[in-house]
Amino acid sequence: MSKPITLNQNSDFRRAYGRGKSFASSALVTYVVKNRVGYCRYGITTGKKIGNAVERNRARRVIRAAFSQLAPEISGSFDIVFVARSKTKFVKSTAVVKAMREHLCSAGVISRNEKHID
C-alpha cells in the first residue's frame, strides 16, 4: 500500500457505522466494512467528548501514526473507521498499535501470522 486513502464523505462513514463490524478497546473503536473500490480507505473521528481541539488533534495524530505502521500489512479492499475514545489522548501510539492490530486481525484485514515487532 503506497499512501493510504482517507474517507471524507459522510455517507462512507455512515455505511461503516451501519453495516460494518465493530471492535472496541479502552482506547479505540474500529469499524470495518468491505468496499468495492479496489483499495483500502480509512477515516478517523474524534468527538467533542475527547476534549478541546488540541486534545482531539493529538488523538488523531496517535491513531494516524499507529495506522501508518500497520498499513503495509493490509490486504484487500476495506473501509476502516477509527473512533477515538477519551483515553486515546493519554496513551502512546504503541498501545494504540497493539489495540489496532488486534481489531484488524479479528476483522480479517491483517493475517494473524504476519511477523511484527511489539
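Refer to the structure above for everything that follows.
Because the structure is predicted, anything quoted here is derived from the model rather than measured. (Residues numbered from 1 in each chain as written. Predicted model: local features only at pLDDT ≥ 70, side-chain atom pairs only at ≥ 80, totals over all residues. Heavy atoms only, no water.)

Draft legend 1. Quick look at helix 2 (residues 53-70). With 18 residues, helix 2 ought to run about 26 Å at 1.5 Å a step, and its terminal C-alpha atoms sit 26 Å apart, in line with that. Among all positions of helix 2, only Arg56, Ala59, Val62, Ile63, Ala66, Phe67 and Leu70 are buried. For helix 2, the arc enclosing every buried residue in end-on projection is 130°, short of the 170-degree limit, so these residues lie on one face. Facing away from the buried side of helix 2, by more than 90 degrees, are the exposed residues Val54 and Arg61. On its buried face, helix 2 is in contact with strand 3 (28-34), strand 4 (41-45), strand 5 (78-84) and helix 3 (93-107). (Helix = DSSP H or I, 4+ residues; strand = E, 2+ residues; numbered from the N terminus. Expected span 1.5 Å × (residues − 1). Buried < 20%, exposed > 50% of the residue type's maximum accessible area, 1.4 Å probe, protein only. Arc of directions from axis to C-beta. Contact = heavy atoms within 4.5 Å.)

Draft legend 2. Representation of the sheet that holds strand 5 within the structure. Sheet architecture is open: five strands sit in the order 1-4-5-3-2, paired in mixed fashion. Only two strands of the sheet have a single partner each, and these edge strands are strand 1 (5-6) and strand 2 (21-24). Sheet analysis places strand 2 next to strand 3, joined by four bridges and oriented antiparallel. Residue pairing across strands places Lys21 opposite Val32, the latter belonging to strand 3. (Pairing = 2+ DSSP bridges.)

Draft legend 3. Molecular detail of the packing of aromatic side chains. Per the stated rule, a full pass over the model turns up three aromatic pairs. Relative to Tyr31, the ring of Tyr17 has its centre 5.0 Å away and its plane inclined at 80°; by these criteria the two rings are edge-to-face. One end of the pair, Tyr17, is in helix 1 (residues 10-19); the other, Tyr31, is in strand 3, and 14 residues separate them in sequence. Residue Tyr17 is classed as partly exposed on the basis of its relative accessible area, which comes to 34%. Through successive ring pairs, a cluster of aromatic residues spans Tyr42, Phe67 and Phe82. The cationic tip of Lys34 hangs over the ring face of Phe78; the distance from NZ or CZ to the ring centre is 4.5 Å. (Phe/Tyr/Trp six-rings, centres within 6.5 Å; stacked < 30°, edge-to-face > 60°. Lys NZ or Arg CZ within 6 Å of the ring centre and 35° of its normal.)

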